Amino acid sequence: MTCPGQRDRAELPIGRQVARWRVRRRMTQQVFADRLGKSKSWVDKVERGVRALDRYSVIQEIAEVLHVDPAILLGPRQPPPSTATSLDGIDAVRATLARYHRPRSRAVQGDQMERHLAHAWLTYQHAHHAQLLRSLPDLLDTAHGAPMLLVPTYRITASVLVKLGEADLAWLAADRAVTAAEADPTRTGTATIAVAQALRALGRDRLALTACVAAADTTKDDAVRGMLLVQAGLGAAGSGDRRNAEDLLEHAADLADRRLADDDPQHACFGLAAVLLASSLAALTLGDTEEAIYLHERAIRRIDWPQLPAEHRAAHLIDAARAYLQTGNLAAAGHTLLDADTIAPAEVRYRPYARTVIAEIARGGPAAAGVTRLASIVGLTR
């Protein structure tokens, strides 16, 4: 029989479990960070619940350093976040990226390849991740016959891999995009957006900040420069650099306010709404949960909110659900998560990060019927 004290400890959030076991092992946050190859700021955010642990491989590394079983950290009701509702196409993408000597590509006209790539972007923006993964190996092979399209092809590959918790593989694709850009400022800028997303997913926020600031100084495309500033601001927030984060995001907002063109040939998705969503995420990352919620509620009332791609809106709503969760507002967290599932189901059902949020809402107390159903769909209940 489990005594109340044991039960309470088992139901602690995973960050609190990490902190408890770190103290028991007589490690400071700095020593623990050094053994993990992370920063002290990263450890502090994990322990405070500001940064979610949404990759089982990272949880395994933490457990190894702490000399405990991963199940102890996860607790009895939270299974590994990356074991359910997986997508089959990732292995094929990995095999394609690992292939340096490619088979001779069949002849494809440039305009035909552009149509294929445009369709891939639409697929990504509508969060049809399974369909996109199936098409990527052929798209990657074919793009080598149209070098000018290699950068966006690698970039879209990196973007979807970040979402699906494959940050290492995403970084490889993003790095290939930078190489394919051949020092062209605009193409290098778009590739660096993908690099920053991958680096942030790997917990290398300071590197993401440095890369984006350098690229923003060279590109003349306002949309690309704006999104580089956004990614730099998020990198600064992830590093705990509040002043830099606020300055960079304010600069991005000023640029968005002055920008007249509505077209987006580089798929930067830059505008005032996008900057506001990023500011909400930065506030959440820095621990300013109430500010994050305030900015979220401002954003979704904007006239340009519905114009953002479905994947962008749903991804933001998952972050907003986590913000509500941190304030103890389980009802708002659940409803926000269900809104995300309505807009783009794959964002909620296939992303390890989203499944972690579902699990935390379900564990927090009686959840809405829709959240319980979601938990069952993604394999978080038995």
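Residues numbered from 1 in each chain as written. Predicted model: local features only at pLDDT ≥ 70, side-chain atom pairs only at ≥ 80, totals over all residues. Heavy atoms only, no water.

### Comments concerning the pattern of salt bridges
- Inspection of every chain in the model, using the stated rule, returns 13 salt bridges.
- Arginine 349 is the partner of aspartate 341 in a salt bridge, and the nearest nitrogen-oxygen pair spans 2.9 Å.
- Residues arginine 351 and glutamate 347 are paired through a salt bridge, measuring 3.0 Å at the closest nitrogen-oxygen approach.
- According to the relative accessible area criterion, arginine 351 is buried, its value standing at 11%.
- Among the charged side chains, a salt-bridge network with shared partners connects Lys163, Glu311, Glu347 and Arg351. (Salt bridge = Lys/Arg side-chain N within 4 Å of Asp/Glu carboxyl O. Buried < 20%, exposed > 50% of the residue type's maximum accessible area, 1.4 Å probe, protein only.)

### With respect to the packing of aromatic side chains
- Considering all chains together, one arrives at 1 aromatic pair under this definition.
- Residues tryptophan 121 and tyrosine 124 carry aromatic rings whose centres are separated by 6.0 Å and whose planes lie at 85 degrees to one another, so their mutual orientation is edge-to-face. On the criterion of helical spacing, the pair formed by tryptophan 121 and tyrosine 124 is a turn pair, its members being 3 residues apart in helix α8 (residues 110-125). The same class applies to tryptophan 121 and to tyrosine 124, which are both buried.
- In this structure, arginine 24 packs its charged tip against the face of tryptophan 21, placed 4.4 Å from the ring centre.
- Across the ring face of tryptophan 42, the terminal group of lysine 38 is positioned such that the distance to the ring centre comes to 4.9 Å. (Phe/Tyr/Trp six-rings, centres within 6.5 Å; stacked < 30°, edge-to-face > 60°. Helix = DSSP H or I, 4+ residues; strand = E, 2+ residues; numbered from the N terminus. Lys NZ or Arg CZ within 6 Å of the ring centre and 35° of its normal.)

### Comments concerning the side chain of aspartate 304
- Mapped onto the fold, aspartate 304 is located in the loop between α17 (289-299) and α18 (310-326).
- Classification of aspartate 304 by relative accessible area gives buried; the value is 17%.
- In this structure the side chain of aspartate 304 is engaged in a polar contact, spanning 2.9 Å, whose partner is the side chain of arginine 302. (Polar contact = N/O pair within 3.5 Å; in protein donor to acceptor, adjacent residues only side chain to side chain.)

### Looking at the packing of helix α15 (residues 242-258) against helix α16 (residues 272-285)
- Two numbers describe how α15 lies on α16: the axes approach to 9 Å, and their chain directions differ by 165 degrees. Compared by their axis directions, α15 and α16 come out roughly antiparallel. As α15 runs across α16, the sense of the crossing is left-handed. Across from Leu249, Ala252, Ala253, Ala256 and Asp257 in α15, the residues of α16 making contact are Leu272, Val275, Ala278, Ser279 and Ala282.
- The residue makeup of the contact of α15 with α16, split by class, is 8 nonpolar, 1 polar and 1 charged. (Axes fitted to C-alpha atoms, helices over the stretch in contact; angles between N-to-C directions. Parallel < 35°, antiparallel > 145°, perpendicular 65-115°, else oblique. Left-handed = near helix turned anticlockwise from the far one by under 90°. Contact = heavy atoms within 4.5 Å. Nonpolar A, V, L, I, M, F, W, Y, C, P; charged D, E, K, R; others polar.)

### Some remarks on helix α21 (residues 352-364)
- Given a rise of 1.5 Å per residue, 13 residues ought to cover 18 Å, and the 18 Å separating the end C-alpha atoms of α21 matches this to within 8%.
- The set of residues buried in α21 consists of Pro352, Tyr353, Ala354, Arg355, Thr356, Val357, Ile358, Ala359 and Ile361.
- Where α21 is buried, its residues touch α10 (150-163), α18, α19 (330-343), α20 (345-349) and α22 (369-377). (Expected span 1.5 Å × (residues − 1).)

### Things to note about unusual backbone geometry
- Residues other than glycine seldom take positive phi values, yet arginine 26 does so here, at roughly 60 degrees.
- As for its placement among the helices and strands, arginine 26 is situated in the loop between α2 (14-24) and α3 (29-36).
- The class of arginine 26 is exposed, set by a relative accessible area of 80%.
- Although it is not a glycine, glutamate 182 adopts a positive phi angle of roughly 50 degrees.
- Within the fold, glutamate 182 resides in the loop between α11 (167-181) and α12 (185-201).
- The exposure class of glutamate 182 is exposed, given its relative accessible area of 65%.

### A few points about the environment of alanine 346
- By the element assignment, alanine 346 lies in helix α20.
- Relative accessible area serves as the criterion here: at 10%, alanine 346 is assigned to the buried category.
- It is 8.7 Å that separates the C-alpha atoms of alanine 346 and glutamate 311, two residues lying 35 residues apart in sequence.
- Aside from chain neighbours lying at most four places away, what touches alanine 346 is Ala127, His129 and Arg351.

### With respect to the packing of α19 against α21
- Between α19 and α21, the least distance of the axes is 10 Å, while the angle of their chain directions is 145 degrees. Of the two possible hands of crossing, α19 and α21 adopt the one that is left-handed. Across from Leu330, Ala333, Gly334 and Leu337 in α19, the residues of α21 making contact are Val357, Ile358, Ile361 and Gly364.
- A breakdown of the residues in the contact of α19 with α21 according to their chemical character gives 6 nonpolar, 2 polar and no charged.

### Things to note about a negative patch on the surface
- Judged by side-chain charge, Glu246, Asp247, Glu250, Asp254, Asp257 and Glu291 come together as a negatively charged surface patch.
- Examining the composition of the negative patch, we find that 5 residues originate from one element, α15, more than from any other.
- Along the chain, aspartate 254 falls in helix α15. (Patch = residues over 30% accessible without salt bridge, like charges linked within 9 Å, V, L, I, M, F, W, Y side chains within 5 Å. Areas by Shrake-Rupley, 256 points an atom, 1.4 Å probe, with all protein chains shown as cover. Lys, Arg positive; Asp, Glu negative; His and termini not counted. Charge placed at Lys NZ, Arg CZ, Asp CG, Glu CD.)

### A short note on the side chain of aspartate 319
- Within the secondary structure layout, aspartate 319 lies in helix α18.
- For aspartate 319, which is buried and forms no salt bridge, the nearest opposite charge comes from arginine 322, at a distance of 4.3 Å.
- A distance of 2.6 Å separates polar atoms of two side chains, one belonging to aspartate 319 and the other to tyrosine 353.

### Focus on α16
- Counted at 1.5 Å a residue, the expected span for α16 with its 14 residues is 20 Å, and the 20 Å between its end C-alpha atoms agrees.
- A positive backbone phi angle near 90 degrees is found at glycine 287, which sits one or two residues after α16.

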